[in-house]
Amino acid sequence: MDNKIILPELTNLISTSVGVSKIISENFIKELISILTECLTAGESIKIKGLGTFKLIEVQARKSVNVNTGEEMLIPAHNKVKFTVDKHLAEVINSPFSMFVPEDLSEGITEESFKDVEVPDDTPAEYINQIQHPIPDEPIRQIDEISEDSEKQKLEIEGDEIPNDAHVVNVDNNPVTEVVSQIVDESVENIIDESVNETEYLTESQPEIQPICTSAPKNRFWKGFLTGGASVAVLIMIATISYIYLNKTIPQHENTSLVTEDKSVNSENTIAVKENPIDSIEYISETAVDIQENSKAAESVATLPSDEKIVYDVISKTRFLTTMAKEHYGDYNLWSYIYEENKNILGHPDRIKPGTKVVIPPASKYGINASDKECVARAKRKGAEIYARYNK
Amino acid sequence: MDNTKLIDILSDRLGCEKEDVTSMLEAFTHIVKDKCSDMDNIALPGFGSFEPKMRKERIVVMPSTGKKMLVPPKISLTFKPSAILKQYLRETGE
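So, a few notes on the structure that sits alongside this text. (Residues numbered from 1 in each chain as written. Chains lettered and ligands numbered in written order. Predicted model: local features only at pLDDT ≥ 70, side-chain atom pairs only at ≥ 80, totals over all residues. Heavy atoms only, no water.)

### Examining the pattern of salt bridges
Logical step 1: Inspection of every chain in the model, using the stated rule, returns 10 salt bridges over all chains.
Logical step 2: Of the charged contacts, one joins Asp-313 of chain A and Arg-319 of chain A as a salt bridge, the two residues approaching to 2.6 Å between their closest N and O atoms.
Logical step 3: For Arg-319 of chain A, a relative accessible area of 2% gives the class buried.
Logical step 4: A salt bridge links Asp-8 of chain B to Lys-18 of chain B, with the nearest nitrogen and oxygen atoms 3.0 Å apart. Taken together, the residues span a long stretch of sequence, with Asp-8 of chain B in helix 1 (residues 3–14) and Lys-18 of chain B in helix 2 (residues 18–37) at a distance of 10 residues.
Logical step 5: According to the relative accessible area criterion, Lys-18 of chain B is partly exposed, its value standing at 46%. (Salt bridge = Lys/Arg side-chain N within 4 Å of Asp/Glu carboxyl O. Buried < 20%, exposed > 50% of the residue type's maximum accessible area, 1.4 Å probe, protein only. Helix = DSSP H or I, 4+ residues; strand = E, 2+ residues; numbered from the N terminus.)

In structure tokens, the structure reads:
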């Protein structure tokens, strides 16, 4: 494949196939070349049986330019040698494409439609190799099965008993060879069909020949359909990825909602208690009386003076600053205090990466009081300020 | 020059039997067939090389009907004469 066979190799091949010595075969080739050359220079054409004909064609004198000097020169009239392949040899060499015939084209299809499919000259060998030695497992099994079945049928008709693992020897070749050729044709066609479909997903590094079978219009329709489907799928993937990225969610194994037994500073408790298994934390307020520990608590507890412990919470796809504010303080708007507390690690309030650990300041720190309307109003203003900073 | 004459001249020059020459010539043809089917080039020094070439499919217009037709891709065997041969031909042309 894409090799160049030189004289020594040719000599070996001839001497092994004919059974003569290497010297003789080398002389043979050299003599052949010299005879051909002499004959052609004498003006006579030569025909070699099974190979082809070397003919001479007259060429008129023509003006040209000397590439080195740039001056005009005349190429004199001369003969050039033309080689015409023997018909049978041409058929054999073209055997990978032998099933194709020239076809009528419907109107409207021009060279443009073929331009997308690049066919560099170095690919076909692979493709050809594929065609020549394609036989994947299935056809062979089919052949075996069919040959076995037909043989078994024959034997059954004759009344013999056939053990299950009988090894069937293929005596009568004819029906099987027909089947074989049919299956090989089918497998070849399958490969071609696959390659036709594959052209949809061609990248520049994978050019393939695009043979047009007789079912061309149907294949083209399906090709268009598949391209459309593939591009829609890609767009959906891009959309989901960007959605995920924006929400900054890392897919987590367990739920991350907070387990608390809530104790708000105010006696009016408006917070519902959630009890979901999680991997965060302990909650103790400054003035808390009860301490609840989560058995699964894994978060570290910072060392602070005596009964003060830092409360953490983790941002997730379903837990925002507002969620936390609602839980810890009792009002969504009080998120801005949580933001303030963590502003050194937080950027845009809407774009906090899931998994970000934020400190929940104790309510007394900022004088947070859900029932205090002024406090809530202040928090709202604060929130607006924060947004203003980012949404310039 | 046809095949028989070629074999005669070859057997004379080589001093071999005509049958041997015939079988060698056939072997040569066979090698060309095998190797070129695998897209290999065969080079004969001082003469030229046999090169199988891949032809892409193309649209042609049938002059008789005026209809557009699609010619399928194919592999064709070409011969590329060497510079020495071309030189000989130019010289003998003058």
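### A look at a nonpolar patch on the surface
Residue and element names in this part refer to chain A.
Logical step 1: Judged by side-chain polarity, Phe-221, Trp-222 and Phe-225 come together as a nonpolar surface patch covering roughly 380 Å² of accessible area.
Logical step 2: With respect to the element layout, Phe-225 can be found in helix 8 (residues 216–247).
Logical step 3: Looking at Phe-225, the relative accessible area reads 53%, which means it is exposed. (Patch = residues over 30% accessible without salt bridge, like charges linked within 9 Å, V, L, I, M, F, W, Y side chains within 5 Å. Areas by Shrake-Rupley, 256 points an atom, 1.4 Å probe, with all protein chains shown as cover.)

### Comments concerning the pairing of strand 3 (residues 58–61) of chain B
Logical step 1: Pairing geometry for strand 3 of chain B and strand 4 (residues 68–71) of chain B, over four bridges, is antiparallel. Across the sheet, the residue bridging to Val-61 of chain B is Lys-68 of chain B, located in strand 4 of chain B. (Pairing = 2+ DSSP bridges.)

### Structural notes on the interface of chain A and chain B
Logical step 1: Contacts between the two partners involve 72 residues from chain A and, on the opposite side, 57 residues from chain B.
Logical step 2: Together chain A and chain B conceal approximately 6000 Å² of surface at their shared face, both sides included; 72% is due to carbon and sulfur atoms.
Logical step 3: Between chain A and chain B we count two salt bridges in total.
Logical step 4: One salt bridge in this structure joins Arg-13 of chain B and Glu-38 of chain A, with 2.7 Å as the shortest N-O distance.
Logical step 5: There are 15 residue pairs in polar contact (both at pLDDT 80 or more) connecting chain A and chain B.
Logical step 6: Looking at the side of chain A that touches chain B, the element that brings in the most residues is helix 2 (residues 22–41) of chain A, giving 16 residues.
Logical step 7: Per-class residue counts for the side of chain A that touches chain B are 45 nonpolar, 15 polar and 12 charged.
Logical step 8: The pairing of strand 1 (residues 4–5) of chain A with strand 1 (residues 41–44) of chain B spans two bridges and is classified as parallel. What sits directly across from Ile-5 of chain A, in strand 1 of chain B, is Ile-42 of chain B. (Contact = heavy atoms within 4.5 Å. Buried area = accessible area lost by both parts, 1.4 Å probe. Polar contact = N/O pair within 3.5 Å; in protein donor to acceptor, adjacent residues only side chain to side chain. Nonpolar A, V, L, I, M, F, W, Y, C, P; charged D, E, K, R; others polar.)

### Some remarks on helix 2 of chain A
Residues and elements named next belong to chain A.
Logical step 1: For helix 2, which comprises 20 residues, the first-to-last C-alpha distance of 29 Å matches the rise-based estimate of 28 Å (1.5 Å per residue) to within 8%.
Logical step 2: Taken together, the buried positions of helix 2 are Ser-25, Phe-28, Ile-29, Leu-32, Ile-33, Ile-35, Leu-36, Thr-37, Cys-39 and Leu-40.
Logical step 3: Where helix 2 ends, the next residue or the one after it, Gly-43, has phi of about 100°, a positive value. (Expected span 1.5 Å × (residues − 1).)

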